Amino acid sequence: MASSCLTKSKTLIINNLKSNKLLTNHTSSIAHNVPLTSSSLPSSVRKFASSSRITPSVFFNRCFNSVYVGRRLHSATSVSNDAVQFPAEASFSQVLDYPGGKVTFTPKLTFTSGSTDERIPCYRLLNDNGQQVIDSDSIKIRKELAVKMYSDMVTLQVMDTIFYEAQRQGRISFYATTTGEEAINIASAAALNNNDFVFPQYREPGVLLWRGFTLQDFANQCFGNKYDNGKGRQMPIHYGSKKHNYFTIASTVATQIPHAVGAAYSLKMENQDSCVITYFGDGGSSTGDFHAALNFAAVMEVPVIFFCRNNGWAISTPINDQFRSDGIVVKGKAYGVPSIRVDGNDALAVYSAVHQARKMAIQEQTPVLIEAMTYRTGHHSTSDDSTKYRSIDEIEWWRDDQNPVKRFRKFIENKGWWSDETESEHRSNIRKQVSQAIQVAERIEKPPIADMFSDVYDVPPKNLVEQEAFVRKIIKKHANDYPSDVPM
Ligand SMILES: Cc1ncc(C[n+]2csc(CCOP(=O)(O)OP(=O)(O)O)c2C)c(N)n1
Ligand SMILES: [Mg+2]
């Protein structure tokens, strides 16, 4: 009886394996219970096994290839508490090859802990005084690069301040600042190559700035004039630039995460020497898209960096109302993705982590997750007043004591690369440039009405044609209520 069951299941498995292209040539070894070794595998399978970091010698007679989950070897040391969780069972020697790999047994009724008392530490290189920790794992940074990073962090600050005021003056309809997250923006961008693709959320304009999107480009988008790449169809801050490999921002939280994985998969198929980075907030990590994307990326082994800005809030929802895990970093481990927690207010640490993540992503063809710990010191956007749900003291503490721009300034000042004079000169120069860009953008005419209805359909459908005719009629009828700088 037992043997007939075994034969039945064996036949089923062999049939399944036969339907799998990669395994058709060696299923006879399994049928005859002959252990498979690396050398007995066809070359296509050996190649697949080694490129997937699956050790070829794991092809046992009792561990079927169709259900084996290879533990990939990553260059990063992954934090594992597997050993400490069940110390008493270390000597409990029975092991079974379940689908997914070998599992040991325990007679103890012990559940894994859900407690977050022992938190994953945060990778940090600069202390509060901008001094670099001795004996740290860091990527060496040249003077020119450090100075450009700091200058761009300041540019971002100045740009945010002036655009925010422009919104308050009613000159643009909306704005969101990156205040508190300048290091995340600029240092991560500095560690990438321009041929890496960016799938942003909306709080990463610094990445575009770093890549050469001009202050005038930013202003043109915020004013929705005819030079806006998006032809004025989106709200301010929804930048996008094909030239800079920066995908257009979508407001729908987290939709960019699976898109990034798809793009990374295509880079993998084309054997490209580049990767994809996608940014999202803690709020983004609370969506289904985040989980689907991480799992897909892990299984398909694609070169994508998941960069989570954990700034404590999804608008007014604090992280403890979003999840009970130790942040986002542990979710990477759950999906089999190498992960690290980084001090997002330490530009040097962010730079080193992204630099290393990029190398791993491309060389090892693996996704990597970075959780950057930070705090959103500005309001969520101009549609928000964050003092309604958090204390001013808390905001001020983060803004003054944990300011990423101040900390990096101390670092370059300590090195003798920056001074008070350079600071005031740079700030006043950028202030003038941003004001000038705004004045110019404001005067440029808007895209024509026709642009609102084009670019989607080759032949516009009837309802769209009717809508366009309706809009034109209404504008004509109420000409005084519509801006005169929109060509009809
Ligand atoms: C699918 C979807 N749900 C809800 C919203 C409304 N919304 C806009 S931003 C936001 C919070 C996002 O928080 P987080 O991802 O942490 O980014 P942060 O603003 O903190 O940088 C929400 C809920 C949206 N735009 N899209
Ligand atoms: Mg957030």
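Refer to the preceding data block for the structure.
Residues numbered from 1 in each chain as written. Chains lettered and ligands numbered in written order. Predicted model: local features only at pLDDT ≥ 70, side-chain atom pairs only at ≥ 80, totals over all residues.

Caption draft 1: A look at the overall build of the chain. The helix and strand inventory of the chain stands at 16 helices and 9 strands. Considering the chain as a whole, with its 488 residues, one finds that 35% of them fall into the buried category. Expressed as a percentage of contacts within the chain between residues at least 6 apart in sequence, the contacts between residues at least 24 apart total 72%. (Helix = DSSP H or I, 4+ residues; strand = E, 2+ residues; numbered from the N terminus. Buried ≥ 20, exposed ≤ 12 C-beta atoms within 10 Å, placed from the backbone. Contact = placed C-beta atoms within 7 Å.)

Caption draft 2: Spotlight on the site of ligand 1. Taken together, 16 residues lie around ligand 1, and Val-253, Gly-281, Gly-283, Gly-284 and Ala-314 are the ones closest in. Among the elements of the structure, strand S4 (276-281) and strand S6 (313-314) are those that each provide at least two residues to the shell around ligand 1. The residue makeup of the shell around ligand 1, split by class, is 5 nonpolar, 7 polar and 4 charged. (Near = placed C-beta within 6 Å. Nonpolar A, V, L, I, M, F, W, Y, C, P; charged D, E, K, R; others polar.)

Caption draft 3: Highlighting the packing of helix H5 (residues 143-168) against helix H15 (residues 420-443). The interhelical angle for the contact between H5 and H15, taken along N-to-C directions, is 40°, at an axis separation of 9 Å. Considering their axes alone, H5 and H15 lie oblique with respect to each other. In this structure, the crossing between H5 and H15 has a hand that is right-handed. Packed against H5, whose contacting residues are Ser-151, Val-154, Thr-155, Val-158, Met-159, Ile-162 and Ala-166, the element H15 presents His-426, Arg-427, Ile-430, Arg-431, Val-434, Ser-435 and Ile-438 at the interface. Of the residues that constitute the contact of H5 with H15, the class distribution is 8 nonpolar, 4 polar and 2 charged. (Axes fitted to C-alpha atoms, helices over the stretch in contact; angles between N-to-C directions. Parallel < 35°, antiparallel > 145°, perpendicular 65-115°, else oblique. Left-handed = near helix turned anticlockwise from the far one by under 90°.)

Caption draft 4: Structural context of the packing of H5 against helix H6 (residues 182-190). Taken N-terminus to C-terminus, the directions of H5 and H6 make an angle of 140°; their axes are 9 Å apart at the nearest point. When the axes of H5 and H6 are compared, the pair comes out oblique. Pair H5 / H6 crosses with right-handed handedness. Note on element contacts: H6 touches H5 through Glu-182, Ala-183, Asn-185, Ile-186, Ala-187 and Ala-190, opposite Leu-145, Met-149, Asp-152, Met-153, Leu-156 and Gln-157.

Caption draft 5: Structural detail: helix H12 (residues 347-363). With 17 residues, H12 should cover 24 Å at 1.5 Å per step; its first-to-last C-alpha distance of 24 Å lies within 8% of that length. The buried count for H12 comes to 12 of 17 residues, which makes it a mostly enclosed element. Within the sequence span of H12, burial applies to Ala-347, Leu-348, Ala-349, Val-350, Tyr-351, Ser-352, Ala-353, Val-354, Gln-356, Ala-357, Arg-358 and Ala-361. Residues of H12 that are buried in the fold lie against H5, H6, strand S5 (304-310), strand S8 (339-343), strand S9 (368-373) and helix H14 (404-414). Backbone geometry just after H12 places Gln-365 at a positive phi near 45°. (Expected span 1.5 Å × (residues − 1).)

Caption draft 6: Focus on the pairing of strand S2 (residues 101-104). Here 4 bridges tie strand S1 (residues 95-98) to S2, and the two strands are oriented antiparallel to one another. What sits directly across from Leu-96, in S2, is Val-103. Linking S1 to S2, which pair antiparallel, is a turn of 2 residues; within it Gly-100 sits at a positive phi near 105°. (Pairing = 2+ DSSP bridges.)

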